[in-house]
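Structural overview for review
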Amino acid sequence: MFRNQKITDDIYYVGVNDRQKAKFENLIPLYDGVSYNAYLIVDEKTALIDTVDIHFGEILIQKILSQLGDKGLDYLIINHMEPDHSGSLRLLRKYFPNMTIVGNERTLSMVKGFYEIDGSLLKVSDEESLSLGRHQLQFFLTPMVHWPETMMTFDHADKVLFSGDAFGSFGALNGSILDENLDIDKYWDEMYRYYANVIGKYSSPVQKAIKKLEHLPYEIICSTHGPVWKINLKKAVEIYDRLSSFQAEEGVVIVYGSMYGNTELMAETVAQGLAEAGVKPVIIHNISTVDLSIILRDIYRYRGCIFGSPTYNNGLFPEMEDLIRKIESRGLKNRIFGCFGSYTWSGAAVRNLTEFANRLQWPMSDVMVEEKQGLKKDNYESCLQLGHQIAEMLQNPVQFNKGC
Ligand SMILES: Cc1cc2nc3c(=O)[nH]c(=O)nc-3n(C[C@H](O)[C@H](O)[C@H](O)COP(=O)(O)O)c2cc1C
Ligand SMILES: [Fe+2]
Ligand SMILES: [Fe+2]
């Protein structure tokens, strides 16, 4: 029944959209779904590259059968074992009992561990090749992007890189799968959000992978989530390269928590200071109403961060505590930092935020503002000044590059 979309003459898309899942990994909200991409190569031998979440296993099988008829599936190549991609493995084995499962040593041990499958396995090592006929597949181990077994598969015949989660994004695919046929603009924000939340902690392995594959003449990237990259391939790789080397765009993100509005007023004032000094864009997130996945996305994206928190039980506002823990666990580098806060009897928020920036060695403004109770004239002026100083630091990063 299915008419599978073609990527090249004999590479077909057999993936699916998930518009039902509320939270990816049960953590990260999905606003516009996510796709689980799988690809079928029909040559003298046939090969499927990755599977899909088990909830869509039957659709995957039907898509494969529509293409192959009674030809049979010779290989399943596993680039990544996370269950959003390996989930349909057992089902696939039932339909195609003679299929050989191809993976590296770590992959095959997970195949056993998750699915108790240990027959018809083909272990491949780094840079080893497999011929399907016209298609010559070569495997490149890229450990920790973002699991230990991850690898990428390059097809020399059609110059296609099957990259696993790398270069992926959230967002279901509406009608088409190729970037040239999609309304592509909506995916960039979702690529940042996917990177910051799923891959960001593994930036160093991503850098290694990008460097390792640099010499390959790939013209199409088929990742496991989001559009197939063709005309926007360079931009997609550049974004991953930039994010994984902690480079950022011009702009400042102000994140604040506030129970009764005192810290919020400080946030508005700091923003005014930034704008007066010509900073664009200035983004303001109320940490109680904006999802952390969006806040992390913007912190990965922009060079300046200013955090504000009331003192809460001798520490930070709980959501702010959560945010700084998440940033620290990702080891994000090279952000220009400022902070402010509000307290009533004994301030602790600004001290906590300063210590956080010191631990990450982020350059920090020497203007920090901590107001006792309502915001008054002196500290109102200091908030404006904080905005001005961060603007200056953005303009002269070298001078402030030593950390704090
Ligand atoms: C649950 C709770 C705990 C607080 N803990 C402290 C504290 O430990 N030390 C302090 O000086 N003020 C504390 N405060 C007072 C707030 O920090 C202070 O009122 C601040 O101005 C609130 O800022 P906001 O208006 O932005 O919410 C606490 C307030 C609340 C509601
Ligand atoms: Fe993954
Ligand atoms: Fe994935």
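Bear in mind that the values here come from a model prediction, so they are computed numbers and not experimental data.

1. A few points about the site of ligand 1
Within the structure, ligand 1 sits among 19 residues, and Met259, Tyr260, Asn262, Thr263 and Pro310 are positioned closest to it. Of all elements in the fold, only helix H8 (262–276) and strand E20 (336–343) reach the threshold of two or more residues within the shell around ligand 1. Take the shell around ligand 1: its biggest share by element is 3 residues, from H8. Its residues placed into classes, the shell around ligand 1 shows 6 nonpolar, 12 polar and 1 charged.

2. Quick word on the sheet that holds strand E21 (residues 369–372)
Pairing within the open sheet is parallel, and its 5 strands lie in the order E18-E17-E19-E20-E21. One side of each edge strand has no neighbouring strand; the edge strands of this open sheet are strand E18 (282–286) and E21. For this sheet, the mean inter-axis angle between neighbouring strands, taken without regard to orientation, is 15 degrees. Of the pairings in the sheet, the one linking strand E17 (residues 249–256) to E18 comprises 5 bridges and is parallel in character. For Val252, the partnering residue across the bridge sits in E18 and is Val282. Each of E17, E18 and strand E19 (302–310) is contacted by helix H9 (residues 292–301), which is oriented at about 145 degrees to E17, the strand it contacts most. This element, helix H11 (residues 349–359), spans E19, E20 and E21 of the sheet and lies at about 160 degrees to E20.

3. As for helix H4 (residues 105–115)
Buried within H4 we find Thr107, Leu108 and Val111. Projected down its long axis, H4 carries its buried residues within an arc of 95 degrees, all on one side. Pointing more than 90 degrees away from the buried face of H4 are the exposed residues Glu105, Lys112 and Gly113. Packing partners of the buried residues in H4 comprise helix H3 (89–95), strand E10 (100–103) and strand E11 (121–123). Just downstream of H4, Glu116 is the residue with a positive phi angle, here 55 degrees.

What counts, and where the lines are drawn
- Residues numbered from 1 in each chain as written.
- Chains lettered and ligands numbered in written order.
- Predicted model: local features only at pLDDT ≥ 70, side-chain atom pairs only at ≥ 80, totals over all residues.
- Near = placed C-beta within 6 Å.
- Helix = DSSP H or I, 4+ residues; strand = E, 2+ residues; numbered from the N terminus.
- Nonpolar A, V, L, I, M, F, W, Y, C, P; charged D, E, K, R; others polar.
- Pairing = 2+ DSSP bridges.
- Axes fitted to C-alpha atoms, helices over the stretch in contact; angles between N-to-C directions.
- Contact = placed C-beta atoms within 7 Å.
- Buried ≥ 20, exposed ≤ 12 C-beta atoms within 10 Å, placed from the backbone.
- Arc of directions from axis to C-beta.

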